[in-house]
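Summary of structural features
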Amino acid sequence: MGKIRTVLGDISPDEFGLALVHEHIICDFVGADKVSRERYNPNEVFDIMLPYLSEIRQLGVTGFADCTPAYMARDDQLLARLSEVSGIKILTNTGLYKEPFLPKYAFECSVDQLANMWTSEIDSGIEGTSIRAGFIKIAVNPGSIIPIQQKIVRAAARCSLSTGATIACHTANGVAATQLLKILSEEGADSSKLIVVHCDAEEDLKYHLEIAHQGAWVEYDALAEQNAERTLSLVRFILENGFENQLLLSQDSGWYHVGEKGGGNIRPYSYLVRNFIPLMLESGFSRKLVDKILIENPAHALQLQ
């Protein structure tokens, strides 16, 4: 059995519990050349975001993957504080996103140099701390993947092969997903270690099936009240095609917006558990299947193996 690497240390997969696999505590969209922890007060962020975590903890959520990448306000120390106080097992990530959130060294370093940096953050710690990343977060551009993002995908593949960490890739486009899987195959990476993020943004369902047929995780993570019925139909579509073991659900909710007063308009994390689970049960999904999607699948998807 593998392990899940949280900001407070390793746990066994069966300790992860009901989990939200794609959410954010804080984000800063100022760009890699300007981003800094001096742009926000971590104590303010802690005070503002803790009630949102406490709410879902009371609703039974115990696992949480924070998907804010480096150079977009990833803050491992803030996450550790929130995890300790809220009682939620939080994961942070290593990796890099896409322009304008790429540091200069992303263009200068080789694939192996990037992979080694990320491997160190998983194995040893982030920025000199003992807090270790639990998965790899990257992104690709829509359509044909450009050279810098190809480099990042290859580095993620090599990091995954070295550490056993899962890759969560912001994709949201079928053509990009196809090329992403091809590059990972060329690197010898296991497609079951890939979460294709924002699959619900792709309208053509043939790509959803292609992703699943190749063994990757299909993630529907834009769940909200306004798209609940569509998300329900996507879930039913994937299940009817036999891919219940490769489906993940989340909301891409939160988050404290750096630069906006009080963090701006923060979306709670509670809709999935408070509203969508009852909707699934009312629509004929069994409790066993709901638990499969929201407990068993996250624990399997985010294991270090």
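This report concerns the structure included in the present document. Treat the numbers as computed from the prediction; the structure is a model and nothing was measured. (Residues numbered from 1 in each chain as written. Predicted model: local features only at pLDDT ≥ 70, side-chain atom pairs only at ≥ 80, totals over all residues. Heavy atoms only, no water.)

Counting 91 residues, the largest nonpolar core has Ile-25 and Trp-118 as its most contacted members. In terms of nonpolar packing, the next biggest core, distinct from the first, is built from 17 residues, Leu-91, Phe-135, Ala-168 and Ala-301 among them. (Core = buried A, V, L, I, M, F, W, Y, C linked by side-chain atoms within 4.5 Å. Buried < 20%, exposed > 50% of the residue type's maximum accessible area, 1.4 Å probe, protein only.)

In space, the three strands of this open sheet follow the order S3-S5-S6, with parallel pairing throughout. Of all strands in the sheet, those bounded by a partner on one side alone are strand S3 (19-23) and strand S6 (89-91). Taking each pair of neighbouring strands and ignoring which way they run, the sheet shows an average axis angle of 15°. Where strand S5 (residues 63-66) lies against S6, three bridges are found, and the strand directions are parallel. Of the residues in S6, the one forming a bridge with Gly-63 is Lys-89. (Pairing = 2+ DSSP bridges. Helix = DSSP H or I, 4+ residues; strand = E, 2+ residues; numbered from the N terminus. Axes fitted to C-alpha atoms, helices over the stretch in contact; angles between N-to-C directions.)

Moving on: the environment of Thr-119. Counting through the fold element by element, Thr-119 comes out in helix H4 (residues 111-123). Sequence-wise, Thr-119 and Ala-155 are 36 residues apart; in three dimensions their C-alpha atoms are separated by 9.8 Å. Ignoring sequence-local partners within four residues, the contact set of Thr-119 consists of Cys-159, Ser-162 and Thr-163. (Contact = heavy atoms within 4.5 Å.)

What follows concerns the pattern of salt bridges. In this structure the tally under the stated criterion is 19 salt bridges. Asp-10 is the partner of Arg-132 in a salt bridge, and the nearest nitrogen-oxygen pair spans 3.7 Å. With Arg-132 in the loop between H4 and strand S8 (135-139) and Asp-10 in strand S2 (residues 9-11), this residue pair connects regions lying 122 residues apart in the sequence. The partner of Asp-28 in a salt bridge is Arg-39, with the nearest N and O atoms 2.6 Å apart. In this pair, Asp-28 is assigned in the loop between strand S4 (26-27) and helix H1 (42-58) and Arg-39 in the loop between S4 and H1, connecting sequence segments eleven residues apart. (Salt bridge = Lys/Arg side-chain N within 4 Å of Asp/Glu carboxyl O.)

As a further point, take the packing of helix H7 (residues 205-213) against helix H8 (residues 228-240). At a minimum axis distance of 11 Å, the contact between H7 and H8 shows a crossing angle of 45°. Between H7 and H8, the interaxial angle falls into the category oblique. Two packed elements cross with a definite hand, and for H7 against H8 that hand is right-handed. Residue-level inspection shows Leu-205, His-208 and Leu-209 of H7 in contact with H8, the latter providing Leu-234, Phe-237 and Ile-238. Taken together, the residues that form the contact of H7 with H8 break down as five nonpolar, one polar and no charged. (Parallel < 35°, antiparallel > 145°, perpendicular 65-115°, else oblique. Left-handed = near helix turned anticlockwise from the far one by under 90°. Nonpolar A, V, L, I, M, F, W, Y, C, P; charged D, E, K, R; others polar.)

Let us look at the packing of aromatic side chains. A full pass over the atoms with the stated rule returns five aromatic pairs. The interplanar angle of 50° and the centroid separation of 6.3 Å between the aromatic rings of Phe-29 and Trp-255 together place this pair among those described as tilted. Highlighted residues: Phe-29 in the loop between S4 and H1 and Trp-255 in the loop between strand S12 (247-249) and strand S13 (256-257), separated in sequence by 226 residues. Ring geometry for Tyr-71 versus Tyr-105: centroids 6.1 Å apart, planes at 65°, classification edge-to-face. One end of the pair, Tyr-71, is in the loop between S5 and helix H2 (76-86); the other, Tyr-105, is in helix H3 (residues 104-108), with 34 residues separating them in the sequence. Judged by its relative accessible area of 28%, Tyr-71 falls in the partly exposed class. Note on Tyr-105: relative accessible area 25%, which makes it partly exposed. Ring pairs connect the aromatic residues Phe-29, Tyr-97, Phe-101 and Trp-255, which therefore count as one cluster. The side chain of Arg-81 reaches across the aromatic face of Phe-46, ending 4.4 Å from its centre. (Phe/Tyr/Trp six-rings, centres within 6.5 Å; stacked < 30°, edge-to-face > 60°. Lys NZ or Arg CZ within 6 Å of the ring centre and 35° of its normal.)

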